[in-house]
Amino acid sequence: MEFKPWRIAASRRKNEPVKGPAELPELLRAVLKGRGLKDEEEARAFLTAECRLHDPMLLPDMDKAVERVRKAVMEQEKLLIYGDYDCDGVTASVILYDYLDNAGADVLYYIPEREGEGYGLNRAAVDRMKEAGVSLIVTVDNGVTALEEIDYAAARGIDVVVTDHHRPGETLPNAVAVVDPHRSDSGYPFAGLCGAGVAFKLICALEEDAEGMLLEHYGDLLAIATVADVVPLLDENRAMVQAGLGLLRETENPGIRALAEKAGIDLEEITAERIAYGIAPRLNVAGRIGSVDLAVELLLCQEEERARELAGEICALNDRRKQMEQEVVREIQQQLEADPALLDRRVLVLWGEGWHRGIIGIIAARLVERYGKPCILLSVMDGEARGSARSVEGFSIIEAIRSAEPLLKKCGGHPMAAGLTLSAGNLAAFSQEMEDHARREHPVMPVLTVGVDTQLMAGEATLENARLLERLEPFGCQNPQPVFALLGVRVNNITPIGKEKNHLRFTIEQRGVVLPAVLFRVSPQAFPIGAGELADCAVNLTVDRFGGGERVKLQVVSIRPHGFDMAGKLRLGAAYQSLRRGEAPQDCQREELAFDREDLGVVFRWLREHSPYQRGADALAHQLGAASNYGKVLAALDILAELGLISRKNENGVESIRLLPAAQKAEITASPTYRLLQQGW
């Protein structure tokens, strides 16, 4: 189990309480301060979600969009909504289609298939629209970068109104209207809308509904889209999602009800988290590995029986998606075991033949979480590689990818996530450019950290405080569920739970206060804390209402032994990876990583007494204490593996280190890592 560094936003020791509201407990004031809410008006508006929806006419070109769409409706022109295949694009299409259909428009919708057509407008689709008699295309969740395609549509006599929320390039498309809050000339007060949010603003403008009364009709869909697209849950997004969650609890949409039922989600208890992990992935899966029309038909469906059929098909696709992910993850693990040096690279770039392109983004995000570094996965088919990239805070993955622009066919994205396409023959050169760019721009690479709001004492983990924290909901992008640091707590009563026994329940005690806690996806064998030992925990403080009644519940986000040398891990871990990459060290690092036979013996003797060892290098370094250091532990494990004295295999997501019977005496100089260490870099 790897111990991640924490970033604490607000120190309780130095904290000066927020000026207001005075009735709030100091713990909640500390959270608000850490999130930048420092005065009474800001804090009260945030806690009550009092934000009024902004006037849609403030969006650039909204007046032009309204005029052109109204003309199409009044004159019964054939109007087509051109969407996107993700959850945001699907819900945006449904919202606009339903409104225009009820308004009497001659309206169609079209969403390109991910595999056959890819993202956004394409000429072949425009040709089909022309043959169908379409005279106006309204894009949702796409279009702002489709300059050539929109010019082509105009040449074929089709007007285009763009509604999008992605960042435009230096040149806007030559459309009738380009409605996008990210335009440089935008006067709209909030740029964080999702694609469905911009589409909703269009129907509000068409209805002359500046107050957002249409939210009563479309808030359930809008909440799903806003949460799914991971846009900031701040400002009017926060107000719209909060209203939408209330509507979802009593939604009349048969498709949403059927999907929730099939997914085992009680809509009366719906939260943003349950949308993010239950509903959104299932709506996304139709566009990832099936036909996106399934999701659109489900959300538009008015017949209960048909809705259940569609929901069943989508949930079956979701199960298939999980199996496909497992297969790709196994291939990735085999690559890493065959070439462990890949994990020493600053940016993890991996590719495989025939990986489904609809799932590699999900897997890339998981690899970032596991290895704490930027990751790019690429699927190779017919000589072309398409990829998805995810990153860590502080490393712009889109800037890195654009540094290799001569090798690319296309790319797009933002600092934390991006997509790209290139010829398969350029993969090795692209991978090297990622490494070169990272070395130039980040001599010391940013690492994945756990965001912590503030420190918590066990005595403050009360039911009253847990209830008060619920006032910060809905949780999501830029408004995550609060995380608190509990330092120096004693762990006891460690019990495995779950069908696979791969989750844990235990108690933590501090100054006589004993609290129950749970930790998911960690087996008893991999848990780095023994009964009675001290630990530092990063936790969510919530109200457990399962089975009736209310109890305090602590969900552990991150845990490590109390007193673990995190600074040493970060410094020496980076130094050792630099060594493996053949880079010159600093003098202090050279001295700390000076390695001899006794350093190897320290680790070998420990493993001889504790094989198989599943707690990982971090816990091993902590156990050895002054007898070794983090960098030397990493080196020793690599040397022992190279000499055939240990095996290191991933078993159910946990590295298992086993001592192997030695056929003959191993000579340490046979290890490439040992020789590298002795060369003095």
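Bear in mind that the values here come from a model prediction, so they are computed numbers and not experimental data.

What counts, and at which threshold
Residues numbered from 1 in each chain as written. Predicted model: local features only at pLDDT ≥ 70, side-chain atom pairs only at ≥ 80, totals over all residues. Heavy atoms only, no water. Axes fitted to C-alpha atoms, helices over the stretch in contact; angles between N-to-C directions. Helix = DSSP H or I, 4+ residues; strand = E, 2+ residues; numbered from the N terminus. Parallel < 35°, antiparallel > 145°, perpendicular 65-115°, else oblique. Left-handed = near helix turned anticlockwise from the far one by under 90°. Contact = heavy atoms within 4.5 Å. Nonpolar A, V, L, I, M, F, W, Y, C, P; charged D, E, K, R; others polar. Core = buried A, V, L, I, M, F, W, Y, C linked by side-chain atoms within 4.5 Å. Buried < 20%, exposed > 50% of the residue type's maximum accessible area, 1.4 Å probe, protein only. 1 Å grid on protein atoms, 1.4 Å probe; cavity = no way out; pocket = protein on both sides within 12 Å on 5 of 7 lines; lining within 4 Å. Points joined across faces, edges and corners; volume = space filled by probe spheres on them. Salt bridge = Lys/Arg side-chain N within 4 Å of Asp/Glu carboxyl O.

Some thoughts on the packing of helix 4 (residues 87-102) against helix 8 (residues 215-228)
Reasoning step 1: Orientation of helix 4 relative to helix 8, taken along the N-to-C sense of each, is 160 degrees, at an axis distance of 8 Å. Taken together, the axes of helix 4 and helix 8 lie roughly antiparallel to each other. Read as a crossing pair, helix 4 and helix 8 show a hand that is left-handed. Where helix 4 abuts helix 8, its residues Cys87, Asp88, Thr91, Val94, Ile95, Asp98, Tyr99 and Asn102 lie against Tyr218, Leu221, Leu222, Ile224, Ala225 and Ala228.
Reasoning step 2: When its residues are assigned to classes, the contact of helix 4 with helix 8 shows 10 nonpolar, 2 polar and 2 charged.

Re the environment of Val144
Reasoning step 1: Here Val144 shows up in the loop between strand 4 (134-140) and helix 6 (147-155).
Reasoning step 2: The sequence separation of Val144 and Leu377 amounts to 233 residues, and the corresponding C-alpha distance is 26 Å.
Reasoning step 3: Residues contacting Val144, with those up to four places away along its chain left out, are Val162, Asp164, His166, Arg167, Pro168, Leu172, Pro173, Val178 and Asp180.

Details of the nonpolar core
Reasoning step 1: Counting residues in each nonpolar core, the largest one holds 129 residues, and the members touching the most others are Leu100, Phe200, Ile376, Leu377, Ile401 and Phe430.
Reasoning step 2: By residue number, the principal contributor to this core is helix 13 (residues 304-338), which donates 10 residues.
Reasoning step 3: Counting 41 residues, the second largest nonpolar core, distinct from the first, contains Leu456, Val491, Ala526 and Leu554.

Examining the layout of surface pockets
Once rolled over the atoms, a probe with the size of a water molecule shows which space is left empty.
Reasoning step 1: Considered as a void within the structure, the second largest pocket measures approximately 610 Å³ in volume.
Reasoning step 2: Listed by contribution, the elements that provide at least two residues to the lining of the second largest pocket are helix 4, helix 8 and helix 12 (293-300).
Reasoning step 3: When residues in the lining of the second largest pocket are grouped by element, the largest group, 6 residues, is from helix 8.
Reasoning step 4: The residue inventory of the lining of the second largest pocket, partitioned by class, reads 9 nonpolar, 6 polar and 6 charged.

Structural notes on the pattern of salt bridges
Reasoning step 1: The full count for this structure, using the stated rule, is 40 salt bridges.
Reasoning step 2: Here Arg306 makes a salt bridge to Glu309, at a shortest N to O gap of 3.1 Å. Note that Arg306 and Glu309 are positioned in helix 13 at a spacing of 3 residues, about one turn of the helix.
Reasoning step 3: Judged by relative accessible area, Arg306 falls into the partly exposed class, the value being 27%.
Reasoning step 4: Of the charged contacts in the structure, one is a salt bridge between Glu384 and Arg386, with a shortest N-O distance of 3.3 Å.
Reasoning step 5: Salt bridges linked by common partners bring Asp344, Arg580, Asp638, Glu642, Arg648 and Glu655 together as one network.

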